[in-house]
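In case you want the letters, here they are:
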Amino acid sequence: MDRIIEKKTWTPKKILWISLASIFVLLILYYIIFADKSSKLRVQTERLTIATVEKGYFQDYITIPGTVEPIRTVFIDALEGGQVEEILIEEGSMVKEGDVILRLSNTNLHLNIMNREASLAEQINNLRNTRLLMEQNKLDLKSQLIEINYAIGKAKRDYEINKEIYEMNKNLLSDDEFQTSEDYYYYLVNKKDLLIESQKQDSVFRDVQISQLEESVNRMQQNLDLVQKKLESLEVKAPVNGQLASLNAEIGESKGAGQRLGQINVLDSYKINAQIDEHYISRVQRGLVGEFEYTNKTFMLEVTKIYPEVRNGQFSIDMEFIGDLPENMRIGQTFRIKLELGEPKESLLIPRGGFYQSTGGQWVFVVDEAGNNAYKRDIRLNRYNPKYYEVIDGVQEGEQVIVSSYDTFGDVDVLILKKND
């Protein structure tokens, strides 16, 4: 009799396919979870610059170009306007203080002086006439006092005689005659008092008038002296010893008051003027020391002046020499100056390279111990000088890093280093 054959659910073939599918899914999951998904790039090691992270003393300095300038520059301006009449010293010549460099002419200034001299002479004559008049009035008052004193003496004698007669016998002298002599006597006394008071008032008035005239004369004399000094300033003289570096004047040219005529370089010593990137403006201070080499000798400098104005991303400083000056140094000559910004400090150091332009100092490629691969790693940099970066965190002493440019690497995480056999 026939049997019903039951169909098997798990056949060997089916089990095989399910096993293969499971293995495939597990492989995909493993790749997703555990596989290395970082991007990679193969590069030739000959095209790279690899440096070792080392520990050493970080010298905080910058190298800047400096230009030789005279220790002091004195500008020559026209104190009074005029026309250039004569040039006595040419540009580039050495001058001494007081030497006449050029002469100007000014007709209006001469006329002004003549008018002031005439006004002063007139005022002096007024003062002289006032004094003569005062002396004459004094003599007139003295003469009047002499006359009135004489009249008072005579009137007093007449009055006293008449008074004695009148008191002895009134019949010998009338009341009217006695009263007249008395009135005349006191009239002269009062007139004398009035004359003396008038003399005092007139004397005070004359003193004030003379004082005012004297003050006016002195003021006019002072003004005349000032104008005459302006006339003297038409001779433009050297204010200091030095070299006439420039002279902006031609014969017959008109110059206004205050206009720049030239400059004198004081050559007693020299200074160095340097331009520094504004990044360092908060760290550069007066008293910092710099140095440079010239003719196989080292010369020391000190920052003496900092100009606060920033132009085109740079600011200026002046540095003066400490000790000896280089021989045969010339104005305009340029030196490379090493300017110390701080004391040396022991730190981890990475040599400077083109990688910084690509990463901004945020990360670097670190080579593994085998030297086969280089991995991207975050780092922290602090200060830098022309040779090294100071590293705060991210690498260890002895590790090797790629310091050349990363511009051709793109956005990769791992570099596979290939060596040519």
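Quantities reported herein were computed from a predicted structural model and do not represent experimental measurements.

Student: Just give me the short version of the overall build of the protein, but keep the residues and values in it.
Tutor: From N to C terminus, the protein includes 4 helices and 22 strands. Over its C-alpha atoms the protein spans a radius of gyration of 54 Å, topping by over 25% the 22 Å that the globule rule assigns to 421 residues. Its C-alpha atoms give the protein principal-axis dimensions of about 215 × 75 × 40 Å. Looking at the protein residue by residue over its 421 residues, the buried ones come to 32%. Put simply, of all contacts in the protein between residues at least 6 apart along the chain, 76% involve residues at least 24 apart. Carbon and sulfur atoms form 49% of the exposed surface of the protein, whose accessible area is close to 27,900 Å². Taken together, the 51 basic and 65 acidic charged side chains of the protein have centroids lying 10 Å from each other.

Student: With reference to specific residues and values, describe the environment of Asp60.
Tutor: Tracing the backbone shows Asp60 in the loop between β3 (54-58) and β4 (61-77). We classify Asp60 as buried; its relative accessible area is 1%. Setting aside residues up to four positions removed in sequence, Asp60 forms contacts with Arg283, Leu339, Glu340, Leu341, Gly342 and Arg383.

Student: Give me unusual backbone geometry: which residues, what numbers.
Tutor: Although it is not a glycine, Thr295 adopts a positive phi angle of roughly 50°. Mapped onto the elements, Thr295 comes out in the loop between β12 (289-294) and β13 (297-306). With a relative accessible area of 52%, Thr295 lands in the exposed category. The backbone of Asn312 shows a phi angle near 50°, a positive value even though the residue is not glycine.

Student: Report on the packing of helix α2 (residues 107-168) against helix α3 (residues 175-232), specifying residues and quantitative values.
Tutor: Closest axis-to-axis distance for the α2/α3 pair is 8 Å, and the angle between their directions is 165°. The pairing of α2 with α3 is recorded here as roughly antiparallel in orientation. The chirality of how α2 crosses α3 is left-handed. When the residues that make up the contact of α2 with α3 are grouped by side-chain class, the tally is 30 nonpolar, 18 polar and 15 charged.

Student: Give me the lowdown on the sheet that holds strand β20 (residues 388-393), citing residues and values where you can.
Tutor: Overall, antiparallel pairing links the 4 strands, which are arranged β3-β16-β20-β19 in an open sheet. Two strands in the sheet have a free side with no partner beyond their single neighbour: β3 and β19 (380-384). The sheet shows a mean angle of 55° between the axes of neighbouring strands, taken without regard to direction. When strand β16 (residues 345-351) meets β20, the two strands line up antiparallel, connected through 4 bridges. Looking at β20, one finds that Leu349 is bridged to Glu390.

Student: Can you tell me about the side chain of Asn106, naming the residues and giving the values?
Tutor: You can see Asn106 is positioned in the loop between β7 (100-105) and α2. Among the residues examined, Asn106 registers a relative accessible area of 15% and is labelled buried. A distance of 2.7 Å separates a polar atom in the side chain of Asn106 from the backbone oxygen of Gly81. A distance of 3.2 Å separates a polar side-chain atom of Asn106 from the backbone nitrogen of Asn108. Excluding its chain neighbours within four sequence positions, the residues that come into contact with Asn106 are Glu80, Gly81, Gly82 and Leu234.

Student: Residue-level account of the packing of aromatic side chains, with values.
Tutor: Counting across every chain of the model gives 16 aromatic pairs. Taking the centre distance of 4.4 Å and the plane angle of 25° together, the rings of Phe292 and Phe335 count as stacked. With Phe292 in strand β12 and Phe335 in strand β15 (residues 334-340), this pair connects stretches of sequence that are 43 residues apart. Taken as a pair, Phe292 and Phe335 share a single burial class, namely buried. Through successive ring pairs, a cluster of aromatic residues spans Phe355, Tyr356, Trp363, Phe365, Tyr384, Tyr389, Tyr406 and Phe409. The ring of Tyr61 carries Lys338 above its face, with NZ or CZ at 4.5 Å from the centroid.

Student: Got a sec to walk through the sheet that holds β7? Specific residues and values, please.
Tutor: With antiparallel pairing, the 4 strands of this open sheet are ordered in space as β8-β7-β5-β10. Here the strands that pair on one side only, and so sit at the sheet edges, are β8 (235-237) and β10 (254-255). As judged from the 4 bridges shared by strand β5 (residues 82-87) and β7, these two strands associate in the antiparallel manner. Considered in β7, the bridge of Glu86 is made with Arg103.

What counts and what doesn't
Residues numbered from 1 in each chain as written. Predicted model: local features only at pLDDT ≥ 70, side-chain atom pairs only at ≥ 80, totals over all residues. Heavy atoms only, no water. Helix = DSSP H or I, 4+ residues; strand = E, 2+ residues; numbered from the N terminus. Rg over C-alpha atoms; globule rule 2.2 N^0.38 Å. Buried < 20%, exposed > 50% of the residue type's maximum accessible area, 1.4 Å probe, protein only. Contact = heavy atoms within 4.5 Å. Areas by Shrake-Rupley, 256 points an atom, 1.4 Å probe, with all protein chains shown as cover. Lys, Arg positive; Asp, Glu negative; His and termini not counted. Charge placed at Lys NZ, Arg CZ, Asp CG, Glu CD. Axes fitted to C-alpha atoms, helices over the stretch in contact; angles between N-to-C directions. Parallel < 35°, antiparallel > 145°, perpendicular 65-115°, else oblique. Left-handed = near helix turned anticlockwise from the far one by under 90°. Nonpolar A, V, L, I, M, F, W, Y, C, P; charged D, E, K, R; others polar. Pairing = 2+ DSSP bridges. Polar contact = N/O pair within 3.5 Å; in protein donor to acceptor, adjacent residues only side chain to side chain. Phe/Tyr/Trp six-rings, centres within 6.5 Å; stacked < 30°, edge-to-face > 60°. Lys NZ or Arg CZ within 6 Å of the ring centre and 35° of its normal.

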